[in-house]
Each structure stands twice: as structure tokens, then as C-alpha cells.
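If you want the building blocks of each chain, they are given just below.
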Amino acid sequence: QVQLVESGGGLVQPGGSLRLSCAASGSIFSINTMRWYRQAPGKQRELVALITRGGSTDYADSVKGRFTISRDNAKNTVYLQMNSLKPEDTAVYHCNADIRRIAATYDLGYWGQGTQVTISS
């Protein structure tokens, strides 16, 4: 069994900051790429950021310079530091990870439950 548990969402004012965390647990052999997605009402799901096992990162243009994705491989955790938040950042944020289970020969994509981030004054 593998699961991803998220934390850190909430309500903040424009210009504020939040730090999202997503910890993977279970019968895990390795975790490769980890990602953060978001989906706002009436909009398509958007890939916000990703980070490879080795630490290479990529970001959506809309969050570059404001968000930072990082990971702690020892804790099987991915983070999303969100600064200078804007109302348009309001969305449900989901983490995703490519995980190889113990005794498996392939990776599967796993998803967190989602956490609401609301930016409003």
C-alpha cells in the first residue's frame, strides 16, 4: 500500500505565503519524479511544478519566480513553497509521484487527496 498525505493548504491574503507538503508512505522502493498540480473552478488541471529524484526542477510560467518545489528523499516528501500569492493561485492542489513499490519492476503514478489553497482579501 502506498499513499500520499498532503498538508499546508489554507486561506491567505494576496501577497502571502504557504508551504505545502506531501509525504509518501507505504511499501516504497523508490520515488522518481514528484509533481504538484492544481485545478481551479472552470479551468483545466495545470502542472505547477515538478522535481526529479536528482533534484532537477521545472515550473509553469505562471508561478516561476514565486513558487519553489523541493524534496527530502529521506522523508519521501515533496514541498511547494508558495510566495507572493495571487488570487489566481486559488485552486485545489494535488501532489503526484512516480513510485516503484517494493518487489515491483515498474513505476506507478500516485496522487494525494488534494488540499485547498484560497487566496483572497
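Before any of the text, the structure's been laid out above.
Note that the structure is predicted; figures quoted are calculated from it, not measured.

1. Focus on the sheet that holds strand β8 (residues 77-82)
Move 1: Within the open sheet, the four strands sit side by side as β1-β3-β8-β7. Their pairing is antiparallel. One side of each edge strand has no neighbouring strand; the edge strands of this open sheet are β1 (2-7) and β7 (67-72). Averaged over all adjacent pairs, the angle separating strand axes in this sheet is 15°, with direction ignored.
Move 2: Bridge analysis of β1 against strand β3 (residues 18-26) gives six bridges, and the strand direction is antiparallel.

2. Let's talk about the nonpolar core
Move 1: Core analysis: the largest hydrophobic core is formed by 32 residues, its most contacted members being L4, W36, L80, M82, Y93 and I99.
Move 2: Every element with two or more residues in this core is listed here: β1, β3, β4 (28-39), β5 (46-51), β7, β8, β9 (91-101) and β11 (115-119).
Move 3: In terms of residue count, the dominant contributor to this core is β9 (five residues).

3. Notes on the pairing of strand β10 (residues 108-111)
Move 1: Pairing of β9 with β10, which is carried by four bridges, proceeds in the antiparallel orientation. Each residue of the ladder has a partner; that of N96, found in β10, is W111.
Move 2: Linkage of β9 to β10, two consecutive antiparallel strands, is achieved through a turn of six residues, within which A103 is found at a positive phi near 80°.

4. As for the state of the cysteines
Move 1: Applying the stated rule across the entire model yields one disulfide.
Move 2: Residue pairing for C22: its cysteine sulfur links by disulfide to C95, the two sulfurs lying 1.8 Å apart. One disulfide, between C22 and C95, carries an S-S torsion of 40° and so falls in the right-handed class. With C22 in strand β3 and C95 in strand β9, this residue pair connects regions lying 73 residues apart in the sequence.
Move 3: The class for C95 is buried, based on a relative accessible area of 0%.

5. Some remarks on the pattern of salt bridges
Two side chains carrying opposite charge are able to pair once their charged atoms lie near each other.
Move 1: If you walk through the whole model with that rule in mind, you get six salt bridges.
Move 2: Ionic pairing is found between E46 and R38, a salt bridge with its closest N-O pair at 2.8 Å.
Move 3: For E46, a relative accessible area of 26% gives the class partly exposed.
Move 4: The partner of R66 in a salt bridge is D89, with the nearest N and O atoms 2.7 Å apart.

Here is what the cut-offs are and how they apply
- Residues numbered from 1 in each chain as written.
- Predicted model: local features only at pLDDT ≥ 70, side-chain atom pairs only at ≥ 80, totals over all residues.
- Heavy atoms only, no water.
- Pairing = 2+ DSSP bridges.
- Helix = DSSP H or I, 4+ residues; strand = E, 2+ residues; numbered from the N terminus.
- Axes fitted to C-alpha atoms, helices over the stretch in contact; angles between N-to-C directions.
- Core = buried A, V, L, I, M, F, W, Y, C linked by side-chain atoms within 4.5 Å.
- Buried < 20%, exposed > 50% of the residue type's maximum accessible area, 1.4 Å probe, protein only.
- Disulfide = S-S within 2.5 Å.
- Salt bridge = Lys/Arg side-chain N within 4 Å of Asp/Glu carboxyl O.

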